Amino acid sequence: MNRPKPINVLSRQVYNQIAAGEVVERPASVVKELFENAVDAGASTITVSIANGGLDEIFVQDDGCGIEKEDLPRAFMSHATSKITDANDLLGIKTLGFRGEALASIASVSETRIASKTIDEEIGYVLTSSGGELSEITESPCMEGTAVTVSKLFFNTPARLKFLKTARSEESEVTNLIARLILANSTVAVKYYVDDKLELESFGDGLKDAVRAIYGVEALDNCYEISYDKNGILLEGFLGNINYYKGNRTYQTAIVNGRWVVDQTISSAAQNAYAPYLMKRQYPFYILKIDVDPEVVDVNVHPRKTEIRFQDNGVIYAVVKTVISRVLDGTEEAMNIIVNRPRASIVPTVSDDKPISEVEIKGKPYETFSYDRFRTPYEKSSESEYYSPIFEKKEESLQAKEPDYSAGYDVKPPKKLKTDVAQYVQEITDFTDEGALKSESLDDIFRKNKEYIEKCEREKQSYEQITEEVDKPFRIVGQALNTFLILECGDEIIMIDQHAAHERILFDKFCLRLKTNTVAKQRLLFPYAFKANALEADMITDMKNLFEDVGIDILPVGDGVFNVCSLPVELIDIDYDVFFRDILTDATFKDEKMPGVLREKIIQKACKSAIKSGDKLSEMEINSLVDQLKNNRQLKCPHG
Ligand SMILES: Nc1ncnc2c1ncn2[C@@H]1O[C@H](COP(=O)(O)OP(=O)(O)OP(=O)(O)O)[C@@H](O)[C@H]1O
Ligand SMILES: [Mg+2]
């Protein structure tokens, strides 16, 4: 076991250079700080336990170096840390914490108890704080390491209590955070309890095991395991195959030097690499672990310490984008990057003796999104060597050289390129949804709003016109191209898209049933068993009542398996596995959105049973469809 370093109070001059001042916002922020302190203490095992979403109690125990008796009061002081001593240390931070602020902030708004024992002490010591008021230090037998208990969070700041969500939401937020922390600290064994129930557990056996612990074997089966190591950048992780996309960004984790980060450069690079294969609102699954020299990453950007700044965003963007593109495109270079291929059968299989480039990869519809689009700014400035040390020298990459960290981060472009890099990154940022929003001026937004309102007005007028016409006496002329119904109405001809019209009818019917709680449900002869991972199981339990409201009866049968016993009749023919995964991905962790998401998904599926374009209809079917349409005021398919 390692020995603790002394805790110093930072000088004002150093302290003023730190992005500090964040307040503790919610239980998840407390858990994050305590967990990261345990990691910094060199723990190999961390136990986290929360009660009532962390509002009643948060407990984090580690087997790290502990805190010396005389340092215990200092641990509670602001600006006191054992992790840095002077301003130079800020240039290459290797620990997760460095501000000397977290415990002081937590202690000031709660009752906090620290029990700690170092290897050199016979017995452990306990110090408690109530809203910042410290008790006497007492002796207590305890294991080597540190245990922190935080209770009565925000007892002295009622205003902050008001901003908390329900205990269930706070709990979900903590669970989601622990999942990220387990992935980021995959060599630490973690046990996470919610109200005394073991919710997540990892064994510290590396990233692959951490991914399995969080997302289940199914995720591993659907991922490429990758490893790329060149020019001082080590990029490892798991990339979901192109069919394993999700409905939001929750399943995207970026880890830089062991820190879970939310970084626009990495996420844009990944999103753009997947762009040729995914549709709008389909988000890739990935866990990317990047290790670089700490001196080229600034972690002192935001008090929350999840944002970072790279010395050169362009380099990181290029590496992430190119590595992922190569894997997905199946280029020859990908052979040096892929450690394991997805096992799931939905992925194009690649036999071991066949170069990946020969294999036909599903998808890739939009060539215009290709890598070259993003290379242009560099090529214009004829600085192709910017890429070459990393990507172009194929022979070198095949030699599987030992990583040369002494070479450091030696891929910086020449100075004059700096502005181009900035533009380049800007172009990329603009390209993403968020970037596009940011770059829009107010005028643009007003103009778009105006256009939108005008469009709605025009559509409304055309609906009214059409519905009026349908109300007139009509004669069914027939069906054209097995796609349109042709009606004669006075001296006019009306063409109706049969698929859109039927979808609209089903949609309205189902909405009415949901509204009036008259969903027709059907019992399944053999229940369908759904195997959920820990996060999904949590959400299903949360959504049990919502499921019942819409006609889905789902029962836990143990080991993360749920039996679906009945479904609304409209859903009987669907692929249940896809349906449930889809819902659980989209429902995220925001309970207030769940009912809406669930209903939307069910309606979407229900609409799938609509008559298709190309279906030949009998005269009776045409009559029945037109009859139903007469009662429908909006002749448009529900998806617009
Ligand atoms: N679990 C722990 N094991 C050992 N020492 C700890 C532990 N938690 C806190 N400490 C000691 O207490 C000090 C203060 O912790 P605190 O979290 O307030 O600051 P920090 O981790 O240094 O910086 P930051 O505010 O960025 O988290 C740490 O520098 C460390 O020396
Ligand atoms: Mg800390």
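Our subject is the structure that appears above.
What counts, and where the lines are drawn
Residues numbered from 1 in each chain as written. Chains lettered and ligands numbered in written order. Predicted model: local features only at pLDDT ≥ 70, side-chain atom pairs only at ≥ 80, totals over all residues. Heavy atoms only, no water. Helix = DSSP H or I, 4+ residues; strand = E, 2+ residues; numbered from the N terminus. Buried < 20%, exposed > 50% of the residue type's maximum accessible area, 1.4 Å probe, protein only. Near = heavy atom within 4 Å. Polar contact = N/O pair within 3.5 Å; in protein donor to acceptor, adjacent residues only side chain to side chain. Areas by Shrake-Rupley, 256 points an atom, 1.4 Å probe, with all protein chains shown as cover. Nonpolar A, V, L, I, M, F, W, Y, C, P; charged D, E, K, R; others polar. Phe/Tyr/Trp six-rings, centres within 6.5 Å; stacked < 30°, edge-to-face > 60°. Lys NZ or Arg CZ within 6 Å of the ring centre and 35° of its normal. Pairing = 2+ DSSP bridges. Axes fitted to C-alpha atoms, helices over the stretch in contact; angles between N-to-C directions. Contact = heavy atoms within 4.5 Å. Patch = residues over 30% accessible without salt bridge, like charges linked within 9 Å, V, L, I, M, F, W, Y side chains within 5 Å. Salt bridge = Lys/Arg side-chain N within 4 Å of Asp/Glu carboxyl O. Lys, Arg positive; Asp, Glu negative; His and termini not counted. Charge placed at Lys NZ, Arg CZ, Asp CG, Glu CD. Parallel < 35°, antiparallel > 145°, perpendicular 65-115°, else oblique. Left-handed = near helix turned anticlockwise from the far one by under 90°. Core = buried A, V, L, I, M, F, W, Y, C linked by side-chain atoms within 4.5 Å. Domains from an automatic or database assignment. Expected span 1.5 Å × (residues − 1).

Here the focus is the overall build of the protein. The helix and strand tally for the protein stands at 21 helices and 25 strands. Counting all 640 residues of the protein, 50% fall into the buried class.

This paragraph deals with the site of ligand 1. Surrounding ligand 1, one finds 22 residues, the nearest of these being Thr 81, Ser 82, Lys 83, Glu 101 and Lys 305. Within the backbone of Arg 99, an N or O atom sits 2.9 Å from an oxygen atom of ligand 1. Its free accessible area being 590 Å², ligand 1 has 97% of it covered by the protein chains. Going through the elements one at a time, helix H2 (27-40), strand S4 (80-81) and helix H4 (102-108) are the ones with two or more residues in the shell around ligand 1. Top element by residues in the shell around ligand 1 is H2. It accounts for three residues. Each residue belonging to the shell around ligand 1 can be placed in one class, and the counts come to nine nonpolar, seven polar and six charged.

This part is about the packing of aromatic side chains. Per the stated rule, a full pass over the model turns up seven aromatic pairs. Aromatic pair Tyr 215 and Phe 285: ring centres 5.1 Å apart, planes at 75°, arrangement edge-to-face. Pair noted here: Tyr 215 is in helix H7 (residues 207-215) and Phe 285 is in the loop between helix H9 (264-274) and strand S16 (286-291), with a separation of 70 residues, a long-range link. Taken together, a centroid distance of 5.6 Å and an interplanar angle of 45° make the contact between Phe 530 and Phe 580 tilted. In this pair, Phe 530 sits in strand S23 (residues 521-531) while Phe 580 sits in helix H19 (residues 576-586), placing the two residues 50 residues apart along the sequence. Taken individually, Phe 530 and Phe 580 each receive the classification buried, so the pair is uniform in this respect. The lysine or arginine in question, Lys 246, covers the ring of Tyr 244, its NZ or CZ lying 4.3 Å from the ring centre. For the cation-ring pair, Lys 246 lies above Tyr 251, with the distance from its terminal atom to the ring centre recorded as 4.7 Å.

The next point concerns the sheet that holds strand S12 (residues 223-230). One key point about sheets: their strands pair by backbone hydrogen bonds, in either a parallel or an antiparallel sense. An order of S15-S14-S16-S13-S12-S19 is seen for the six strands of this open sheet, with the pairing classed as mixed. In this open sheet, the two edge strands, each paired with only one partner strand, are strand S15 (259-261) and strand S19 (338-340). For this sheet, the mean inter-axis angle between neighbouring strands, taken without regard to orientation, is 20°. The sheet contacts of H9 involve strand S13 (233-240), strand S14 (252-256), S15 and S16, and relative to S16 the element is tilted by about 130°.

So, on to a negative patch on the surface. A cluster of acidic side chains, namely Asp 56, Glu 57, Asp 195 and Asp 196, defines a negative patch on the protein surface. Take Asp 196: its relative accessible area is 72%, and that puts it in the exposed class.

We now examine the packing of H2 against helix H6 (residues 167-184). One can describe the packing of H2 onto H6 by two numbers: an axis separation of 8 Å at closest approach and a directional angle of 25°. Taken together, H2 and H6 sit at an angle that is classed as roughly parallel. When you trace H2 past H6, the crossing you get is right-handed. Every residue of H6 that contacts H2 at Pro 27, Ala 28, Val 31, Lys 32, Phe 35 and Glu 36 is listed here: Glu 170, Glu 173, Val 174, Leu 177, Ile 178 and Leu 181. When its residues are assigned to classes, the contact of H2 with H6 shows eight nonpolar, no polar and four charged.

Attention now moves to the nonpolar core. Side chains of nonpolar character tend, in soluble globular proteins, to be buried together. Leu 34, Ile 46, Ile 178, Leu 183 and Tyr 215 are the most contacted members of the largest nonpolar core, which has 62 residues in total. Per-element tally for this core: the top contributor is H6, with eight residues. Mapping this core onto the domain boundaries places at least three of its residues in each of domain 1 (8-205) and domain 2 (216-439). Among all residues touching Ile 178, those that are not within four sequence positions of it are Val 31, Phe 35, Val 48, Tyr 192 and Leu 200.

Now for the packing of H6 against H7. Between H6 and H7, the least distance of the axes is 8 Å, while the angle of their chain directions is 165°. As the angle between them shows, H6 and H7 are arranged roughly antiparallel. For the pair H6 and H7, the crossing hand works out as right-handed. Note on element contacts: H7 touches H6 through Leu 207, Ala 210, Val 211, Ile 214 and Tyr 215, opposite Ala 179, Ile 182 and Leu 183.

A few words now on helix H10 (residues 313-329). For an α-helix, 3.6 residues make a turn, and residues three or four places apart therefore share a direction. Here H10 is 17 residues long and its end C-alpha atoms lie 23 Å apart, about the 24 Å a rise of 1.5 Å per residue gives. With respect to burial, H10 is a largely interior element, 15 of its 17 residues being buried. Note on H10: the residue one or two positions beyond its end, Gly 330, has a positive phi of about 70°.

Right, let's get into unusual backbone geometry. Although it is not a glycine, His 79 sits at a positive phi angle of roughly 60°. Inspection of the secondary structure puts His 79 in the loop between helix H3 (72-75) and S4. The class for His 79 is partly exposed, based on a relative accessible area of 21%. Despite not being glycine, Lys 305 has its phi angle at roughly 65°, a positive value. By secondary structure assignment, the location of Lys 305 is in the loop between strand S17 (297-298) and strand S18 (309-310).

Across the sheet, three strands lie side by side as S23-S25-S24; this open sheet has antiparallel pairing. Taken across any chain shown, the strands that pair with only one partner, and hence form the sheet edges, are S23 and strand S24 (553-558). Neighbour-to-neighbour, the strand axes of the sheet open up by a mean angle of 20°, direction not taken into account.

Let us now look at the environment of Arg 160. Within the secondary structure, Arg 160 sits in helix H5 (residues 158-162). Given the relative accessible area of 24%, Arg 160 is considered partly exposed. In this structure the C-alpha to C-alpha distance between Arg 160 and Arg 26, which are 134 residues apart in sequence, comes to 8.5 Å.

Take the pattern of salt bridges next. Between side chains of opposite charge, a pair can form when the charged atoms approach closely. Taken as a whole and assessed by the stated rule, the structure comprises 23 salt bridges. In this structure, Asp 40 and Lys 83 form a salt bridge, with 2.9 Å as the shortest nitrogen-oxygen distance. Pair noted here: Asp 40 is in helix H2 and Lys 83 is in the loop between S4 and H4, with a separation of 43 residues, a long-range link. Note on Asp 40: relative accessible area 22%, which makes it partly exposed. The partner of Arg 168 in a salt bridge is Glu 171, with the nearest N and O atoms 2.5 Å apart. Of the two residues, Arg 168 and Glu 171 are both situated in helix H6; the distance of three residues between them amounts to about one turn of the helix. We classify Arg 168 as partly exposed; its relative accessible area is 27%. Sharing partners across several salt bridges, the network here consists of Arg 26, Lys 165, Glu 170 and Glu 173.

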